[in-house]
Amino acid sequence: MRDYTQIIDFVENYKDSYQEFLLKLTDDWKNLFIQKYVEIKKINDERNKLEIKNQKNPQILEKLKWEKQENLKSILLLSNTNFLMLEKIQLLTEGIKNIAEDTKKQKQTIQQIVKGLEVYQEIYE
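Residues numbered from 1 in each chain as written. Predicted model: local features only at pLDDT ≥ 70, side-chain atom pairs only at ≥ 80, totals over all residues. Heavy atoms only, no water.

A. Fine view of the overall build of the protein. Each helix and strand counted, the protein has two helices and zero strands in total. For the protein, the C-alpha radius of gyration of 28 Å lies well beyond 14 Å, the compact-globule estimate for 125 residues. By principal-axis analysis of the C-alpha atoms, the protein measures approximately 100 × 20 × 15 Å. The buried share among the 125 residues of the protein stands at 14%. Contacts in the protein between residues far apart in sequence, at least 24 positions, make up 85% of those at least 6 positions apart. Summed over all atoms, the accessible surface of the protein reaches about 10,400 Å², with 58% contributed by carbon and sulfur. For the protein, the distance from the average position of its 21 positive side-chain charges to the average position of its 21 negative side-chain charges is 12 Å. (Helix = DSSP H or I, 4+ residues; strand = E, 2+ residues; numbered from the N terminus. Rg over C-alpha atoms; globule rule 2.2 N^0.38 Å. Buried < 20%, exposed > 50% of the residue type's maximum accessible area, 1.4 Å probe, protein only. Contact = heavy atoms within 4.5 Å. Areas by Shrake-Rupley, 256 points an atom, 1.4 Å probe, with all protein chains shown as cover. Lys, Arg positive; Asp, Glu negative; His and termini not counted. Charge placed at Lys NZ, Arg CZ, Asp CG, Glu CD.)

This is the structure we're talking about:
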């Protein structure tokens, strides 16, 4: 009984730390996403300039067109990854919240059982 109560106390004590970690992870992830998006945008801006300069060179234009498609794929993958990562963090946050609520209920139930056992112990003594 005591070990179980200690586990519940442990979860309650570290719930806030996990929440803080997930908030920091979310902020860091968003910053990384923005940084990578800006990098791809800069590459694409440079590609656009090269495209304008090389209007009369079909070979270079073809390579630049391929690069443009790859950049669009990169942006799409980056956006999807961002969405999925933020969704996972949200699910983790909700999971931690649910575990904390469940442990609180379990602790209350255990306390009620212990009180009931104490009453029975008094009766039989």
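B. View of the packing of aromatic side chains. All told, the structure shown has one aromatic pair when counted by the stated rule. Between F33 and Y37 the ring centres are 6.4 Å apart and the planes differ by 25°, which places this aromatic pair in the stacked class. Highlighted residues: F33 and Y37, both in helix α1 (residues 2-53), separated by four residues, approximately one helical turn. With a relative accessible area of 36%, Y37 lands in the partly exposed category. (Phe/Tyr/Trp six-rings, centres within 6.5 Å; stacked < 30°, edge-to-face > 60°.)

C. Examining the pattern of salt bridges more closely. Scanning all chains against the criterion turns up seven salt bridges. Between K36 and E39 there is a salt bridge, with the nearest N and O atoms lying 3.6 Å from each other. Of this pair, K36 and E39 both sit in helix α1, separated by three residues, roughly a single helical turn. The salt bridge partner of E70 is K73, with a shortest N-O separation of 3.3 Å. Taken as a pair, E70 and K73 lie in helix α2 (residues 58-124) at a separation of three residues, close to a single helical turn. Among the residues examined, E70 registers a relative accessible area of 27% and is labelled partly exposed. With a relative accessible area of 46%, K73 lands in the partly exposed category. (Salt bridge = Lys/Arg side-chain N within 4 Å of Asp/Glu carboxyl O.)

D. Summary view of a nonpolar patch on the surface. Side chains of I113, L117, V119, Y120, I123 and Y124 sit close together on the surface and give an oily, nonpolar patch of about 690 Å² of accessible area. Secondary-structure assignment places I113 in helix α2. (Patch = residues over 30% accessible without salt bridge, like charges linked within 9 Å, V, L, I, M, F, W, Y side chains within 5 Å.)

E. Fine view of the side chain of N54. For N54, the location among the structural elements is in the loop between α1 and α2. A residue is classified by how much of its surface remains accessible, and N54, at 18% relative accessible area, is buried. Excluding anything up to four places from it in sequence, N54 contacts I60 and L61.

F. Representation of the environment of L22 in the model. Within the secondary structure, L22 is located in helix α1. A relative accessible area of 5% places L22 in the buried class. Residues L22 and K42, spaced 20 residues apart in sequence, show a C-alpha to C-alpha distance of 30 Å. Apart from residues no more than four positions distant in its own chain, L22 is found in contact with I89, L92, T93 and I96.

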